[in-house]
Amino acid sequence: MAVFSDILGNEQIIEHLQNAIRMGKVSHAYILNAPESSGKRMIAEAFAATLQCEKKGTEPCGECHSCKQAASHNHPDIIYVQHEKPNTIGVDDIRVQINQDIAVKPYSSPYKIYIVDEAEKMNVQAQNALLKTIEEPPAYGVILLLTTNADAFLPTILSRCIRLDLKPVADDKLKDFLMKKCGVVDYQADICVDFSQGIVGKAVTLASSAHFNEIKDAALQLLKRVKDIDLSEMIGAVKHVSEYKLDINDFFDIMMIWYRDVLLYKATADVNGLVFKDEVYEIKKQANTSSYHGIELILEGLEKAKMRLDANVNFELVIELLLLTLKEN
């Protein structure tokens with residue numbers, strides 16, 4: 001089960017929640033805001049389990065009946081709000097699963113806790129429905145809104161919740177964690193840390209992926225001969241990523257780290273700060289034949305490609321524009 005002591009980083013947020021429990025000043029509504037796979041759900045579940053734990057400490061004991069129910073996601077007073085539509089949490093979802101349910105007192109615990117994952121998907125009507133409950137909650141009600149974008153909430157929701165923004169985990173902590181937890185070697189841990197940008201879940205996914213090195217190698221092969229590849233080869237390589245259940249953005253992130261290495265070497269001639277230290281010959285070669293402006297345009301092009309794909313722009317058009325940018329610079 002999720003316990004605070006197992007959570008990597010975000011010590012201030014954990015301390016805040018544990019102090020609230022210790023002092024009996026638990027708020028009726030919290031927003032946990034962070035990118036995907038940052039550990040929001042783990043923190044929410046540790047908080048919920050601790051609030052319901054029969055030992056009344058600042059960590060769930062893991063032994064009482066309540067903790068065992070929480071660990072199996074079968075606790076009658078810890079409710080996970082579901083939604084049938086993949087991209088929307090509608091007004092009926094909120095009315096039925098929170099507003100009507102919260103009127104019934106807890107079954108066996110001091111609190112009734114509602115965990116709303118992907119809360120940014122609440123439409124305006126759903127948020128307005130939730131607002132009524134947040135404004136006049138019963139003393140036992142606690143609502144945890146987990147989101148990747150707190151700015152999607154109405155100002156009235158934001159003003160009535162305690163907002164906790166999770167921070168990226170420090171590189172050295174994350175690297176040490178990956179080497180111990182996932183058994184990866186020093187060099188691979190460095191790459192996973194760079195890719196994940198402090199997001200623990202993403203770092204673990206990459207470190208645990210049997211295919212990550214294949215994707216990395218495929219991307220590097222393309223980058224080394226970028227002047228010679230055609231559009232169909234580029235499209236095929238990028239599409240190939242999804243077959244390994246990795247995100248296409250991971251492929252672009254590999255490319256961005258490569259060009260940051262090129263830029264770093266061009267500016268400093270120092271190999272120590274490079275991520276791809278074993279590719280130093282190719283990095284030197286590209287640094288010598290590229291301008292600062294050209295490398296910056298490529299990095300901007302990669303960011304634009306990610307944004308365009310997120311906005312559902314035609315896949316082949318996105319790759320064509322990116323390839324033009326790579327070839328021209």
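Preceding this paragraph is the structure being described.
All values reported here derive from a predicted model rather than from experimental measurement.

(A) Local environment of the pairing of strand β4 (residues 141-147). Here β4 lies mainly inside the structure; seven of its seven residues are buried. Neither face of β4 is open: one carries G141, I143, L145 and T147, the other V142, L144 and L146, and all of them are buried. Crossover strand β3 (residues 112-116) to β4 through helix α5 (residues 124-135) is right-handed.

(B) Fine view of the environment of C192. You can see C192 is positioned in helix α8 (residues 186-196). Of the residues examined, C192 reaches a relative accessible area of 0% and is grouped as buried. Between the C-alpha atoms of C192 and A203, which are 11 residues apart in sequence, the distance is 5.3 Å. For C192, the residues in contact, after removing those within four places along its chain, are L178, A203, L206, A207 and F212.

(C) Seen up close, the pattern of salt bridges. Considering all chains together, one arrives at 15 salt bridges under this definition. As a salt-bridge pair, E63 and K55 come within 3.7 Å of each other at their nearest N and O atoms. The pair formed by E63 and K55 is uniform in burial state, with each residue classed as exposed. Salt-bridge contacts for K121 lead to E118; the nearest nitrogen and oxygen are separated by 3.1 Å.

(D) Molecular detail of the nonpolar core. If you look at the biggest cluster of nonpolar residues, it comprises 53 residues, and the most contacted ones within it are L178, M234, F251, F252 and Y259. It is helix α12 (residues 248-268) that provides the largest number of residues to this core, a total of 11 residues. Core analysis: the second largest hydrophobic core is formed by 29 residues, A20, I21, I78 and I115 among them.

(E) Region of the structure containing the environment of P137. With respect to the element layout, P137 can be found in the loop between α5 and β4. Relative accessible area serves as the criterion here: at 28%, P137 is assigned to the partly exposed category. For the pair P137 and D217, spaced 80 residues apart in sequence, the C-alpha to C-alpha distance is 54 Å.

(F) Local environment of unusual backbone geometry. Of note, the phi angle at K56 is positive, near 60 degrees, even though the residue is not glycine. Under the relative-accessibility criterion, K56 is labelled exposed at 59%. You will see that E118, though not glycine, has its phi angle at about 55 degrees, which is positive. By relative accessible area, which is 33% here, E118 ends up partly exposed.

(G) Summary view of the packing of aromatic side chains. Overall, the coordinates contain two aromatic pairs when judged by the stated rule. Ring centres of Y30 and F47 lie 5.3 Å apart, and the angle between their planes is 85 degrees; on these two criteria the pair is classed as edge-to-face. Here Y30, found in strand β1 (residues 29-33), pairs with F47, found in helix α2 (residues 40-52); they are 17 residues apart in sequence, far enough to count as distant. Classification of Y30 by relative accessible area gives buried; the value is 1%. With a relative accessible area of 2%, F47 lands in the buried category. Ring centres of W258 and F276 lie 6.0 Å apart, and the angle between their planes is 45 degrees; on these two criteria the pair is classed as tilted.

About the thresholds
- Residues numbered from 1 in each chain as written.
- Predicted model: local features only at pLDDT ≥ 70, side-chain atom pairs only at ≥ 80, totals over all residues.
- Heavy atoms only, no water.
- Buried < 20%, exposed > 50% of the residue type's maximum accessible area, 1.4 Å probe, protein only.
- Helix = DSSP H or I, 4+ residues; strand = E, 2+ residues; numbered from the N terminus.
- Right-handed = clockwise from strand over helix to strand, strands pointing away.
- Contact = heavy atoms within 4.5 Å.
- Salt bridge = Lys/Arg side-chain N within 4 Å of Asp/Glu carboxyl O.
- Core = buried A, V, L, I, M, F, W, Y, C linked by side-chain atoms within 4.5 Å.
- Phe/Tyr/Trp six-rings, centres within 6.5 Å; stacked < 30°, edge-to-face > 60°.

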